[in-house]
Amino acid sequence: MKKPREISTAVKRSKVPTGIEGFDDITLGGLPAGRITLLQGLAGSGKTIFGLEFLIRGVRQYNEPGVLISFEETEEELTANSSSFGFNLQELVSSGKIAIDYMSVNPAEFIETERYNLDGLLVRIEHAVNSVGARRILLDGIPALFYGFSNASAVRNILLRLYGWLKEKGLTTVVTAESETEMIRHGLGRSLPDCIVLLTEQISNKFATRYLQVAKYRGSLHGAGEFPFLIGENGISLIPITSIQPAYEVSSERITTGVPQLDTMLGGQGYYRGNSILVSGEAGTGKTSLAAHLAHAICQRGERCLYFAFEESEHEIIRNMCSIGIDFQPWIKEDLLRFRSSRATMYGLEMHLAIMAREIKAFQPQLVILDPVTNLLSAGSFDEVQAMVTRMIDFLKGKAITGLFTTLTGSEFQESPGEVGVSSLMDTWIVLRNLEMNGERTRLLNIWKSRGMAHDSKVREFLLTDRGVELVDVYAGPSGILIGTAREAQQERNVVEQVRRKHDLNKQERQCKQRRAILEAQIASLHAEIEATDIEMEQTHLEAEQFEVTTAKMHLGEAKQPGRRLERQKKKS
Amino acid sequence: MATMKKERTHSRVDEPQEIWQLRLYVAGQTPKSMAAFTNLKDICENHLKGKYEIEVIDLLENPKLAKGDQIFAIPTLVRKLPQPIRKMIGDLSNKEKVLVGLNLYPLEK
């Protein structure tokens, strides 16, 4: 009756969290509870540190006492080593939370005679486990037993008994070994542990990177592939950058770019929060300035920004941005803005990524800037950088952090738009260009794409003034696109032209008026002339009449026409 | 066999000799442990009569004592004195090996 219930609780509690950053994520909970995990890796691969952390975090975070059986390092060495990772092993030992037993297997110290077994080992381990009530155990360097005792079957025998006992006791066990063949040779093959974790170190481009891989996990899903990890001051941190589920919450909140005209171009509201923004351009096109504007705007909102600079130092950026009117000092004082400058060649890509991820996790910023990503090409190949940026974007999106990446493009912009080949992954892509024309260089800005928002596709002239970035409409006139001094000259010419035209118009108007006045005057004089002519004509008529009268009188006097002459005479008299 | 068993035999009191301190680690009364004790006793009686001391430690009862002498193998014989410390593992049935191991040959002369 009780059995099914036991099984269900067993399934529920089937994993024990290690507390190691990132490891519990990729194993979906930790190590198999009450089972054996083989931790495999060469010397220096971080096995002991992994094991130590498993024990120490077990006590600190999960209140599970632990036992450390070491075949390689003495208690003093282990204490010293762990203190360099910020763990106080000594304190846990003296408070009875961790028991350490160093097993010195040195064949030179004893002489073997016939017939012995290794029950003493079991006795010691059992004693250590009981003394602290351990739930976790680390067996570090077990293969040393095979080198210490010539009777291999005795060793195999005791180990099988030990493993059996550990399982029976339900202790979550981590066993370290250098290689799998080592274990197989001794009859402790792959089938024995329920979980196999491989730690490796690979060198690419002269940079060593540590990787962790879960090679086997009986009855459980786990993140596949190799995960880079760091050994830092807080122990191991594993950065499962490639998240298992690529589903993020999408924000429709908009954030200002810090440049009002650019906000206008981006549908009037700026970027989407949590989006990835690419600013690409040649050297000196103002990529950092554009990034700085966004950083400034984010800090003004009281949010945090983490700025990874691969080219300039913190102080250089602060000084340079002062020249365009952006003062970062107050934000740094308020701890809203942090710079992390590093040379790309300082570590391998994975290390860069892991370090960045760790910084991001620690600072919890709302904005992350990588300036410029292309510098990382000196630490890895094109494909690797592309993969890294992809994972970075993925990581940032998973945390709803806005990411701004700058890439340095060559001068042949047209041939290679996205130098690192990441433009397709980006939500917003702003292209900055230098244009040399008429003996001067002009910066141009264009929004190449911006997902999910209406945006202005017109090219703008990009000016760096002492008040920051300003965007100016380019002059499109009948003679083509004009920029820079040519645009300014054209604008001036336009003004002059306008003045001139106005002047001309006035002049023409005046001339017209004058002409009209002249014409009117002419008309007046003509009228006068007409009048004069009329008067003249009337006089002529009068004169003509008078003449007729006198002539008629003369005819009457000659009596050729007595009647009329008489009449005239009568009239006259 | 008791938890600890001390046997001391003094033969020649006049000779100021160092007492051999021998420790035999066992885990319960197994045939191997019994054999080891018998073999040891035998050798001591023959070669160290009157100047030895055997301490038998049963790790099942005193497990914490295993750590100090770095005991894994059962049975293990530890020669605490005279210095240097010597360890021998096994049931001590190979007498020759034990004598060599304990550096007892010169005394046989």
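Structure report, in brief. (Residues numbered from 1 in each chain as written. Chains lettered and ligands numbered in written order. Predicted model: local features only at pLDDT ≥ 70, side-chain atom pairs only at ≥ 80, totals over all residues. Heavy atoms only, no water.)

**Side note on the overall build of chain A**
Next up, step 1: Along its length, chain A carries 17 helices and 25 strands.
Next up, step 2: Burial status across chain A gives 47% buried among its 573 residues.
Next up, step 3: The long-range share in chain A, meaning contacts at least 24 apart out of those at least 6 apart in sequence, stands at 68%.
Next up, step 4: For chain A, the accessible surface area stands at approximately 28400 Å², while carbon and sulfur atoms represent 52% of it. (Helix = DSSP H or I, 4+ residues; strand = E, 2+ residues; numbered from the N terminus. Buried < 20%, exposed > 50% of the residue type's maximum accessible area, 1.4 Å probe, protein only. Contact = heavy atoms within 4.5 Å. Areas by Shrake-Rupley, 256 points an atom, 1.4 Å probe, with all protein chains shown as cover.)

**Brief notes about the overall build of chain B**
Next up, step 1: Summing up its helical and strand segments, chain B has four helices and five strands in all.
Next up, step 2: Going from the N terminus to the C terminus, chain B shows its helices and strands as β-β-α-β-α-β-β-α-α.
Next up, step 3: Across chain B, every contact between residues at least 6 apart in sequence was considered, and the portion connecting residues at least 24 apart equals 70%.

**Focus on the interface of chain B and chain A**
Next up, step 1: Listed per partner, the contact involves 26 residues of chain B and 24 residues of chain A.
Next up, step 2: Between chain B and chain A lies a buried interface of about 2200 Å² when both sides are counted; carbon and sulfur atoms form 58% of it.
Next up, step 3: Along the contact surface separating chain B from chain A lie two salt bridges.
Next up, step 4: The residue K67(B) makes a salt bridge to E75(A) at a minimum N-O spacing of 4.0 Å.
Next up, step 5: Summed over the shared surface of chain B and chain A, the number is 13 residue pairs in polar contact (both at pLDDT 80 or more).
Next up, step 6: Ranked by residues supplied to the side of chain B that touches chain A, first place goes to strand β5 (residues 86-89) of chain B with four residues.
Next up, step 7: Grouping the amino acids of the side of chain B that touches chain A by side-chain chemistry returns 14 nonpolar, five polar and seven charged. (Buried area = accessible area lost by both parts, 1.4 Å probe. Salt bridge = Lys/Arg side-chain N within 4 Å of Asp/Glu carboxyl O. Polar contact = N/O pair within 3.5 Å; in protein donor to acceptor, adjacent residues only side chain to side chain. Nonpolar A, V, L, I, M, F, W, Y, C, P; charged D, E, K, R; others polar.)

**A word on the sheet that holds strand β18 (residues 367-371) of chain A**
Residue and element names in this part refer to chain A.
Next up, step 1: Within the open sheet, the nine strands sit side by side as β17-β16-β18-β19-β15-β20-β21-β22-β23. Their pairing is mixed. Both outer strands of the open sheet, β17 (337-341) and β23 (468-473), are each paired with one neighbouring strand and no more. This sheet shows a mean twist of 20° between the axes of neighbouring strands, independent of strand direction.
Next up, step 2: Sheet analysis places strand β16 (residues 305-309) next to β17, joined by five bridges and oriented parallel. (Pairing = 2+ DSSP bridges. Axes fitted to C-alpha atoms, helices over the stretch in contact; angles between N-to-C directions.)

**A few points about the side chain of T428(A)**
Residues and elements named next belong to chain A.
Next up, step 1: Relative to the assigned elements, T428 resides in strand β20 (residues 428-437).
Next up, step 2: At 2.9 Å, the side chain of T428 and the side chain of S450 are in polar contact.
Next up, step 3: Excluding residues that lie within four positions of it along the chain, T428 makes contacts with L266, Y271, N275, S276, I277, L278, K449 and S450.

**Here we look at the sheet that holds strand β9 (residues 195-204) of chain A**
All names here are of chain A.
Next up, step 1: The strand order across the open sheet built from nine strands is β5-β4-β7-β8-β3-β9-β10-β11-β12, with neighbouring strands paired in mixed fashion. Each end of this open sheet is capped by a strand with a single partner; those strands are β5 (98-102) and β12 (235-238). The average undirected angle you get between the axes of adjacent strands in this sheet is 25°.
Next up, step 2: Examined bridge by bridge, strand β3 (residues 36-41) and β9 share five bridges and lie parallel to one another. When the sheet's bridge partners are listed, G41 is paired in β9 with L199.
Next up, step 3: Here helix α3 (residues 47-62) sits on the sheet and contacts β3, β4 (66-70), β5, β7 (136-140), β8 (172-177), β9, β10 (207-217), β11 (226-232) and β12; the angle it forms with β7, its principal contact strand, is near 165°.

**Digging into the packing of aromatic side chains**
Next up, step 1: By the definition in use, this model includes seven aromatic pairs over all chains.
Next up, step 2: Measuring from ring centre to ring centre gives 5.9 Å for F149(A) and F72(B), while their planes differ by 80°; the resulting arrangement is edge-to-face. Here F149(A), found in the loop between α7 (144-148) and α8 (152-169), pairs with F72(B), found in the loop between α2 (65-68) and β4 (76-81), and the two come from separate chains.
Next up, step 3: With a relative accessible area of 2%, F72(B) lands in the buried category.
Next up, step 4: Three or more aromatic residues joined by ring pairs form one cluster here, namely F110(A), Y116(A), F149(A) and F72(B).
Next up, step 5: Note that R254(A) overlies the ring of Y272(A), its terminal NZ or CZ placed 4.6 Å from the centroid. (Phe/Tyr/Trp six-rings, centres within 6.5 Å; stacked < 30°, edge-to-face > 60°. Lys NZ or Arg CZ within 6 Å of the ring centre and 35° of its normal.)

**Describing unusual backbone geometry**
Next up, step 1: For the peptide bond that leads from D371(A) to P372(A), omega is -20°, which places it in the cis range.
Next up, step 2: Tracing the backbone shows P372(A) in the loop between β18 and α15 (382-398).
Next up, step 3: Of note, the amide linkage connecting L81(B) to P82(B) takes the cis form, showing an omega dihedral of 0°.
Next up, step 4: Positionally, P82(B) belongs in the loop between β4 and β5.
Next up, step 5: Unusually for a residue other than glycine, Q70(B) sits at a positive phi of about 50°.

**As for the pattern of salt bridges**
Residues and elements named next belong to chain A.
Next up, step 1: Applying the stated criterion to the full structure yields 29 salt bridges over all chains.
Next up, step 2: One salt bridge in this structure joins E303 and R273, with 2.7 Å as the shortest N-O distance. You can see E303 sitting in the loop between α11 (287-300) and β16 and its partner R273 sitting in the loop between β14 (271-272) and β15 (276-281), a full 30 residues away along the chain. Comparing E303 with R273 shows no difference in burial state: the two are buried.
Next up, step 3: What you see here is one network of salt bridges that share partners, running through E253, R273, R301 and E303.

**Here we look at helix α14 (residues 349-363) of chain A**
Residues and elements named next belong to chain A.
Next up, step 1: Across its 15 residues, α14 extends 21 Å between first and last C-alpha, which sits within 8% of the 21 Å expected from 1.5 Å per residue.
Next up, step 2: Counting buried positions along α14 yields eleven of 15 residues, so the element is predominantly enclosed.
Next up, step 3: Buried within α14 are the following residues: L349, E350, H352, L353, A354, I355, M356, A357, E359, I360 and F363.
Next up, step 4: The inward-facing, buried residues of α14 abut β10, β11, β16, β17, β18 and α15.
Next up, step 5: A positive phi of about 55° marks Q364, the residue just after α14. (Expected span 1.5 Å × (residues − 1).)

**Some remarks on the pairing of β5(B)**
Next up, step 1: Taken together, the three bridges between strand β6 (residues 110-112) of chain A and β5(B) define a ladder with parallel strand orientation. Opposite F110(A), over in β5(B), you have K87(B) as the bridge partner.
Next up, step 2: Alignment of β4(B) against β5(B), held across four bridges, turns out to be antiparallel. Its bridge partner lying in β5(B), R79(B) is registered against R86(B).

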